[in-house]
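These are the residues of each chain, in order.
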Amino acid sequence: MNQRCSVLFSFFQEPIRPLEKRALNFLVNEFLLKNSYKLTSITFSDENHDQDFELWDDVGLNIPKPPDLLQLYRDFGNHHVTTRDVVDVSVGVDDDELEAATPILGTVPVFETTPQSIEQCLVVQKLEDQISVLNNEKWSLMEQIQRLESEIDFLKNENFAVSTVYGVAPHPSLEQVPHTVSEDNGRYLDIKSSENDSKHGNAEEKNLSSSAEHDTRTSKDDTLNSVPCKDTEKVSSCAPSAKTAVHFDKPNRKLSPAFHQALLSFCRMSADSRLGSEVSRIADSEKSVMLMLGRCLPHIVPNVLLAKREELIPLILCTACLHPEPKERDQLLHILFNLIKRPDDEQRQMILTGCVAFARHVGPTRVEAELLPQCWEQINHKYPERRLLVAESCGALAPYLPKEIRSSLVLSMLQQMLMEDKADLVREAVIKSLGIIMGYIDDPDKYQQGFELLLSALGDPSERVVSATHQVFLPAYAAWTTELGNLQFHLIPTLLSKIEKLLREGEHGLDEHKLHMYLSALQSLIPSLFALVLQNAPFTSKAKLQGEVPQIEVTRFPRPASPLQDVAIIIGSREQLAVLLQLYNHQLEHEGTTGWETLLWVVNQLLPQLIEIVGKINVASTACVHEFSRFFWRLCRTFGKIFTNTKVKPQFQEILRLSEENIDSTAGNGVLTKATVPIYATGVLTCYIQEEDRKLLVGFLEDVMTMLSLSHAPLDSLKASFVELGANPAYHELLLTVLWYGVVHTSALVRCTAARMFELTLRGMSEALVDKRVAPALVTLSSDPEFSVRIATIPAFGTIMETVTQRELLERVKMQLASFLEDPQYQDQHSLHTEIIKTFGRVGPNAEPRFRDEFVIPHLHKLALVNNQQSVDSKRLDIATHLFEAYSALSCCFISEDLMVNHFLPGLKCLRIDMEHLSPEHEVILSSMIKECEQKVENKTVQEPQGSMSIAASLVSEDTKTKFLNKMGQLTTSGAMLANVFQRKK
């Protein structure tokens with residue numbers, strides 16, 4: 001009884017085991033959450049960051065979750081511990097040891113009234129642990145047998161005589177001596193219970209001896225290096241104990257072996273625990289090393305810091321490669337993929353490197369059977385880092401998988417993740433892996449599936465995913481498409497058809513996002529198309545690397561988005577490309593395109609279809625014009641200058657037909673008003689920047705400006721050209737050259753157009769250029785004999801006031817605008833007054849404060865006063881509406897008290913008089929504003945301005961502001977003008 005109590009006491013005093021700690025942590029956290037200790041629970045979770053408190057399975061036990069702490073506490077006092085006898089089993093494992101090895105619930109004392117389900121779980125757990133312990137013991141005995149065989153061989157070779165050492169007669173059978181010695185060693189190093197007497201010990205020796213002999217016979221075929229080497233030339237492949245005979249000094253004493261063993265039993269060594277058993281056995285072969293690592297690593301990994309666990313990857317991989325047991329290998333690979341809870345980029349790279357090394361070592365069959373299941377299990381893991389590891393693994397392992405698995409299972413896994421995963425980073429990794437798969441797939445039946453995946457990737461809402469598609473997936477898919485012969489006959493034509501369908505369906509609203517998606521895909525295919533043209537050219541057979549290789553100009557090709565879009569890489573090498581380019585230019589310049597099917601397809605089918613599509617897009621859509629301009633620019637730069645001059649430009653020129661006889665031609669004018677003009681000007685004529693190229697661009701823009709002006713056609717196409725070119729400062733001088741041509745043109749229509757175009761070129765232009773080139777041209781036009789030309793300069797003058805800070809230049813512009821307002825010859829020019837008021841409303845909030853206070857607001861007051869005398873109601877309402885927009889925009893600016901009293905309020909009152917008769921809804925807003933202003937001014941409560949807050953804005957009550965905003969949607973004011981109301985002053 002005392003012995004049993006001491007055993008139980010020592011059992012409950014053992015330090016807590018890792019799995020016990022994780023289980024108790026889970027139950028404690030559950031208790032805290034159920035009882036509203038949320039902050040304590042959060043702190044507790046942070047202190048145990050390596051544990052997931054949402055999943056019981058994360059604890060690591062294969063048993064159901066036990067009852068919560070409250071139930072365990074209430075139930076504990078109703079039971080007593082069932083006593084058990086300690087019995088030694090044949091393999092030397094005590095029942096107490098078995099219970100000690102049983103995690104958590106296995107160590108809970110068995111209660112008489114435990115519910116049946118818990119009892120069953122305990123039984124199952126106990127049996128599984130017995131199996132595990134017996135398996136470990138089996139491997140231990142196999143290693144012991146191997147060691148004993150080595151010792152037998154050593155004793156035979158050395159003619160070792162036991163009688164010489166111990167003074168006893170030699171044993172009749174030499175083979176039995178090592179067994180006896182080994183068993184004695186085992187008995188006294190594996191410290192047995194003191195209650196085992198000598199008789200019991202003798203029985204155990206007999207059992208162990210017979211068991212060892214039996215295991216030797218049955219396991220020789222499965223044990224590596226079990227037969228010792230006797231040939232010295234093969235020493236390197238032998239177990240360490242057979243390589244070198246270890247000699248120990250023998251004492252010149254006559255003590256019996258039993259006395260020696262009893263004496264050694266007082267050494268403090270522990271071999272009765274799992275770790276002690278591992279320490280006491282030194283591996284003497286490759287297989288035993290692998291078995292030892294397979295047993296120890298699952299216990300080592302959880303106790304290594306998360307930040308350092310990647311240091312274990314070599315050990316895990318080496319063991320997984322060489323371990324003989326499939327179940328153990330699966331466990332090790334599972335540990336590898338679960339090594340780090342949320343692996344960062346560097347840690348994932350290390351794991352992937354290990355996976356690739358494993359794949360290279362074991363071959364495609366084991367990669368499919370052992371590594372892929374680990375990926376599949378984590379495809380829906382809750383942590384994106386783990387799903388990211390799966391996505392990256394699919395690409396990294398692609399070269400080492402069976403080809404039928406690449407095109408089926410792996411492709412399906414990636415497709416599922418692309419469609420379902422919500423994390424942008426994961427989908428980006430999926431796209432890159434899909435690109436790698438496309439480089440290895442060779443099943444033509446998967447082509448259509450790849451195309452559908454491509455469209456899904458291009459339409460992904462994440463910019464990261466779309467970028468990865470253009471950099472990796474699309475070039476890889478294009479390479480496969482080229483091999484299949486589908487680039488010219490399916491991929492490119494299908495994308496063009498989708499663009500045409502968008503344009504047909506988008507007459508009332510084009511989906512610009514989809515247009516960008518398809519056109520950017522076509523743009524990314526240009527390098528692959530050019531490579532195909534070179535590889536299928538008549539001169540390809542002549543392209544041999546002989547002698548000095550010509551150099552390729554650095555600017556010959558546009559900068560590729562990724563190495564996979566580099567023509568040199570697609571072709572094979574920069575040297576090979578240089579040779580092909582030399583032959584390509586010679587062929588185009590001297591021999592033509594006869595028999596060159598791929599290039600003829602580009603010239604006769606692709607280019608005409610693209611030009612037709614360009615004519616259908618809305619010229620007012622800046623984004624569409626820019627997209628197509630960039631596409632043609634890349635196309636022309638990739639195919640070269642000779643191709644552009646001889647194949648592209650003639651087709652555009654034939655469509656545009658720029659000649660004097662077409663000035664009155666409806667067809668010609670129709671083409672000139674379409675997007676064909678800006679795309680040809682900015683996408684084709686800007687590809688090359690030699691002097692003759694710039695002259696051609698200048699001449700084209702001059703002709704378009706002339707023809708559109710003389711035919712009274714809309715100027716949208718010309719404006720689009722100026723906006724696109726004006727975005728690049730390199731073309732500012734060129735645009736001013738074109739405009740000066742219009743300034744000195746004999747036709748007033750052309751001069752008027754030039755004056756309006758100046759406004760578009762001013763933004764982003766240097767002040768020096770404005771001072772030297774723009775201002776003189778505008779002053780010239782402002783004194784033009786035609787009033788329409790003079791009026792057309794007003795928006796450009798306003799833009800100068802808004803963008804330029806040079807004092808002298810601003811004064812010149814101010815004087816010119818003053819002449820328009822004060823010269824009697826302009827007194828009845830309604831269109832001039834309208835243009836000035838619109839310009840004041842547009843530039844006033846952003847102009848220099850002094851210009852606004854001294855010029856803009858006083859002149860608006862005068863214009864409002866004059867408008868009260870206007871007898872024509874239509875003109876009066878037109879001026880009043882533009883004044884209302886201007887005052888609305890200026891109300892956001894700071895206005896001094898004097899200016900408010902002398903000009904702003906009187907101007908509002910004049911405007912209210914007009915609105916009373918012509919637009920009552922405007923009059924309501926104006927009356928509220930005036931009333932608030934007057935109250936504030938009379939009460940002298942105007943405060944110092946803060947920031948850019950205006951007095952006018954501070955004078956308007958919240959109620960008035962609400963009424964104002966509600967009415968704004970009902971008025972006829974322009975959206976562009978109202979937008980200026982809320983702009984910050986520059």
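Rules behind the numbers
Residues numbered from 1 in each chain as written. Predicted model: local features only at pLDDT ≥ 70, side-chain atom pairs only at ≥ 80, totals over all residues. Heavy atoms only, no water. Helix = DSSP H or I, 4+ residues; strand = E, 2+ residues; numbered from the N terminus. Buried < 20%, exposed > 50% of the residue type's maximum accessible area, 1.4 Å probe, protein only. Contact = heavy atoms within 4.5 Å. Salt bridge = Lys/Arg side-chain N within 4 Å of Asp/Glu carboxyl O. pLDDT = per-residue confidence, 0-100. Core = buried A, V, L, I, M, F, W, Y, C linked by side-chain atoms within 4.5 Å. Expected span 1.5 Å × (residues − 1). Polar contact = N/O pair within 3.5 Å; in protein donor to acceptor, adjacent residues only side chain to side chain. Axes fitted to C-alpha atoms, helices over the stretch in contact; angles between N-to-C directions. Left-handed = near helix turned anticlockwise from the far one by under 90°. Nonpolar A, V, L, I, M, F, W, Y, C, P; charged D, E, K, R; others polar.

The chain goes by LisH domain and HEAT repeat-containing protein KIAA1468 in an unreviewed UniProt entry, where it is assigned to Chrysolophus pictus.

A. Representation of the environment of G395 within the structure. Note on placement: G395 falls in helix α18 (residues 384-396). Note on G395: relative accessible area 3%, which makes it buried. In sequence terms G395 and I437 are 42 residues apart; their C-alpha atoms lie 6.5 Å from each other. Not counting the four nearest positions on each side in its chain, G395 is found in contact with S433 and I436.

B. Structural view of the pattern of salt bridges. Following the criterion strictly, the structure yields 30 salt bridges and no others. The partner of E20 in a salt bridge is R17, with the nearest N and O atoms 3.1 Å apart. Of the residues examined, E20 reaches a relative accessible area of 12% and is grouped as buried. Residue classification places R17 among the partly exposed positions, given a relative accessible area of 25%. Between D58 and R22 there is a salt bridge whose closest N-O contact spans 2.9 Å. One end of the pair, D58, is in the loop between α3 (38-47) and α4 (69-76); the other, R22, is in helix α2 (residues 18-34), and 36 residues separate them in sequence. Of the residues examined, D58 reaches a relative accessible area of 29% and is grouped as partly exposed. Judged by relative accessible area, R22 falls into the buried class, the value being 17%.

C. Geometry of the confidence of the model for the chain. Taken residue by residue, the chain gives an average pLDDT of 78. The fraction at 70 or more is 76%. Here residues 81-114 is a poorly scored stretch, pLDDT under 50, and it has 70 contacts once near neighbours within four places are set aside; other chains count. When the criterion is pLDDT under 50, residues 969-986 qualifies, and its contacts beyond four places in sequence or with other chains add up to 30 contacts.

D. Quick peek at the nonpolar core. If you look at the biggest cluster of nonpolar residues, it comprises 227 residues, and the most contacted ones within it are Y584, F632, F639, F643 and F758. If you tally residues by element for this core, the top one is helix α24 (residues 512-535), at 14 residues. Not counting residues up to four positions away in its chain, the partners in contact with F632 are L607, L610, V614, F652, I679, G683, V684 and C687. Among the nonpolar cores identified, the runner-up in size contains six residues, and F26, V59, L61 and I63 belong to it.

E. Just the environment of V356, in detail. Among the secondary structure elements, V356 is positioned in helix α16 (residues 345-362). On the accessibility criterion, V356 (14% relative accessible area) is buried. Taking C-alpha positions, V356 is 8.0 Å from Y400, a pair spaced 44 residues apart along the chain. Non-local contacts of V356, meaning those with residues more than four positions away in its chain, are made with A396, L397 and Y400.

F. Layout of helix α32 (residues 691-710). Taking 1.5 Å per residue, 20 residues should reach 28 Å; α32 reaches 29 Å between its end C-alpha atoms and fits that length. Among all positions in α32, only D693, L697, V698, F700, L701, E702, V704, M705, T706, M707, L708 and S709 are buried. Phi turns positive one or two residues past the end of α32, at H712, with a value near 55°.

G. Local environment of unusual backbone geometry. A positive phi is found at S36, a non-glycine position, where the angle reads about 65°. Of note, S36 is situated in the loop between α2 and α3. Since its relative accessible area comes to 61%, S36 is described here as exposed. Positive phi, close to 55°, is recorded for H712, a residue that is not glycine. With respect to the helices and strands, H712 occurs in the loop between α32 and α33 (716-726).

H. Representation of the side chain of S782 within the structure. Along the chain, S782 falls in helix α36 (residues 767-782). Residue classification places S782 among the buried residues on the basis of a relative accessible area of 4%. Only 3.3 Å separates the side chain of S782 from the side chain of Q816, close enough to count as a polar contact. Residues within four places of S782 in sequence aside, it is in contact with R790, T793, F797, Q816, F820 and Y826.

I. Inspection of the packing of α16 against α18 at higher detail. Put simply, α16 and α18 touch, their axes get as near as 10 Å, and they point 35° apart. Seen from above, α16 lies across α18 with right-handed handedness. Contact with α16, carried on its side by R348, I351, L352 and V356, involves E385, L388, L389, E392, S393 and A396 of α18 and no other residues of that element. Taken together, the residues that form the contact of α16 with α18 break down as six nonpolar, one polar and three charged.

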